[in-house]
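Geometric and topological summary
Spelled out, the chains give:
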Amino acid sequence: MDTTSFTKKTPGNEKIEPALTPPPVEAMQTAFTNKPKVGPGKSKKRDIPEGLWTKCPACETMIFDKELDENLKVCPKCGHHFPIGSRERIHSLVETCTFEEMDATMTSIDVLRFKGASTYKSKLEQYQKNTTLKDAVVTGLGKIGPHRLALGVMDFGFLGGSMGSVVGEKLTRLIESATEKEMPVIIISTSGGARMYEGMFSLMQMAKTSAALAYHAQHRLPYISVLTHPTTAGVMASYASLGDLILAEPGAMIGFAGPRVIKDTTQAELPPDFQTAEFLLNHGLIDAIVPRREMKPRLVEYLDFLTAGKKAAAS
Ligand SMILES: [Zn+2]
């Protein structure tokens, strides 16, 4: 077995790609030799996939990437949930050809003219190129089982799933459109929090999204929030924790400030499973832990229940 292909992935930060067809073994073996190039010059980087195998950080099993993709990025041995991109997630949930994306081209502007180690503008360009996303959330209307609904899915691969003006605005428009069309809302969150590059403008999104959800709730329409690893800070402190039903994926880290900050501030020893989905289920913050492969049928079940009263009233 070729060990050189094992070393590149750091779970949590890697670029999430759709199912990748591995190149033939010969390509792997010859890519680093000095053979003259034949045909139009492609860079070596493009010829070699990031890795054919991924090591599970929980049970250390080597998993064939194709198998991991087919299993919705869940370790087939121990059930560890790897990060999954927003488009793959949408694909795993909605009925084929029913998803109509909203505000697909909305992009952030560098309103503060932020300059740090690199500019906000260059960061945005870099992430847009690497992820083929415009920002950290994809929103749209679609169908899950028999239910027409508004779905927003965040992507940690885009600037740590941080919430800037675009994430806030896209979600607010999604929720408002669901209110108008009398549809349930599902938001699947993963985020490091508000986007520092947009300062106050990102914090304003907390109030804006929360207000839109309050208006949606006044119309007695259900909102299900799904928390995935990790959901923290400004996102957790706004729309992610406002669900009529709050679900989480197994092992997801969920919290406001990180455990180190809390430990330093309170000077208290924290329980070992602090800020995990399991801990929060036991303490009543979330309603259920749902493994990724069961997510779709469970969402259908919950929506059946949450929309039954309204349907009965209408008929
Ligand atoms: Zn595993």
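Here is a short report on the structure shown in this document. Values in this document were obtained by computation on a predicted structure and should not be read as measured data.

1. Structural notes on the packing of helix α6 (residues 165-180) against helix α7 (residues 199-218)
For the pair α6 and α7, interaxial distance at closest approach is 9 Å and the crossing angle is 10 degrees. Our classification of the angle between α6 and α7 gives roughly parallel. Where α6 approaches α7, its residues Ser165, Gly168, Glu169, Leu171, Thr172, Ile175, Glu176, Ala178 and Thr179 are matched on the opposing element by Phe201, Gln205, Lys208, Thr209, Ala212, Leu213, Tyr215 and His216. Along the lines of polarity and charge, the residues of the contact of α6 with α7 split into seven nonpolar, seven polar and three charged.

2. Quick word on the pairing of strand β8 (residues 245-248)
What you see with β8 is no split at all: Leu245 and Leu247 on one side and Ile246 and Ala248 on the other are buried throughout. Strand direction decides the pairing type here: strand β7 (residues 223-231) and β8, joined by four bridges, are parallel. Looking at the pairing, Val226 lines up with Leu247 of β8.

3. Some words on the coordination of the zinc ion
For the zinc ion, every protein donor is listed as Cys56 (SG), Cys59 (SG), Cys75 (SG) and Cys78 (SG), and the spread of their distances is 2.3 Å. One can describe the site at the zinc ion as tetrahedral: its four donor atoms subtend angles covering 107 to 111 degrees at the metal. The motif formed by the donor residues of the zinc ion, counted along the single chain, is C-x2-C-x15-C-x2-C. Overall, Cys56 belongs to the buried group, its relative accessible area being 1%.

4. Quick word on the packing of aromatic side chains
Scanning the model with the defined rule gives five aromatic pairs in all. Plain terms: the ring middles of Trp53 and Phe64 are 5.3 Å apart, the flat faces sit at 45 degrees to each other, and that makes the pair tilted. Taken as a pair, Trp53 in strand β1 (residues 53-55) and Phe64 in strand β2 (residues 62-64) lie far apart in primary sequence, eleven residues in all. On the numbers, 5.9 Å between centres and 70 degrees between planes, the contact of Phe274 with Phe279 is edge-to-face. For Phe279, a relative accessible area of 14% puts it in the buried group. Through pairs of rings, three or more aromatic residues link up here, namely Phe114, Tyr120 and Tyr197.

5. What about the pairing of strand β6 (residues 185-191)?
Burial within β6 is extensive, with seven of its seven residues counted as buried. Regarding topology, α6 serves as the crossover connection from strand β5 (residues 147-154) to the parallel β6, and that connection is right-handed. For β6 and β7, the ladder comprises six bridges, and the chain directions are parallel. Across the sheet, the residue bridging to Ile188 is Val226, located in β7. For the crossover from β6 across α7 to β7, the handedness is right-handed.

6. Quick word on the sheet that holds strand β9 (residues 288-289)
Strand order in the open sheet made by the seven strands is β3-β4-β5-β6-β7-β8-β9, with mixed pairing throughout. The open sheet has two edge strands with one neighbour each: β3 (100-102) and β9. Here β3 pairs with strand β4 (residues 137-144) via three bridges, running antiparallel. Each residue of the ladder has a partner; that of Glu101, found in β4, is Gly140. Along the sheet face, α6 touches β3, β4, β5 and β6 and points at about 25 degrees away from the line of β4.

7. Examining the nonpolar core
Ranked by size, the top nonpolar core spans 58 residues in total, and within it Ile186, Ile224, Tyr239, Leu247 and Leu299 carry the most contacts. Leave out the neighbours within four places in its chain, and Leu299 touches Leu93, Ile144, Ile186, Ile224, Val226 and Leu247. Judged by nonpolar contacts, the second largest core, of five residues, contains Cys56, Leu68, Cys75 and Phe82.

8. Observations concerning the pattern of salt bridges
It is possible for side chains bearing opposite charge to pair when their charged atoms get close. Scanning the entire structure with this criterion turns up 14 salt bridges. When the shortest N-O distance is used, the salt bridge between Lys66 and Glu70 registers 3.7 Å. Note that Lys66 and Glu70 are positioned in helix α3 (residues 65-70) at a spacing of four residues, about one turn of the helix. Taking relative accessible area as the criterion, Lys66 reaches 36% and is therefore assigned partly exposed. What makes Glu70 exposed here is its relative accessible area of 55%. Of the charged contacts, one joins Glu95 and Lys296 as a salt bridge, the two residues approaching to 2.9 Å between their closest N and O atoms. Here Glu95 is found in the loop between α4 (86-93) and β3, whereas its partner Lys296 is found in helix α11 (residues 295-314), with 201 residues between them in sequence. Connected through shared salt-bridge partners, Asp103, Glu169, Arg173 and Lys208 make up one network.

Parameters and conventions
Residues numbered from 1 in each chain as written. Predicted model: local features only at pLDDT ≥ 70, side-chain atom pairs only at ≥ 80, totals over all residues. Heavy atoms only, no water. Axes fitted to C-alpha atoms, helices over the stretch in contact; angles between N-to-C directions. Helix = DSSP H or I, 4+ residues; strand = E, 2+ residues; numbered from the N terminus. Parallel < 35°, antiparallel > 145°, perpendicular 65-115°, else oblique. Contact = heavy atoms within 4.5 Å. Nonpolar A, V, L, I, M, F, W, Y, C, P; charged D, E, K, R; others polar. Buried < 20%, exposed > 50% of the residue type's maximum accessible area, 1.4 Å probe, protein only. Pairing = 2+ DSSP bridges. Donors = N, O, S within 2.8 Å, 3.2 Å for Na, K, Ca; no water. Tetrahedral: all angles 85-135°; square planar, octahedral: opposite > 155°, others 65-115°. Phe/Tyr/Trp six-rings, centres within 6.5 Å; stacked < 30°, edge-to-face > 60°. Right-handed = clockwise from strand over helix to strand, strands pointing away. Core = buried A, V, L, I, M, F, W, Y, C linked by side-chain atoms within 4.5 Å. Salt bridge = Lys/Arg side-chain N within 4 Å of Asp/Glu carboxyl O.

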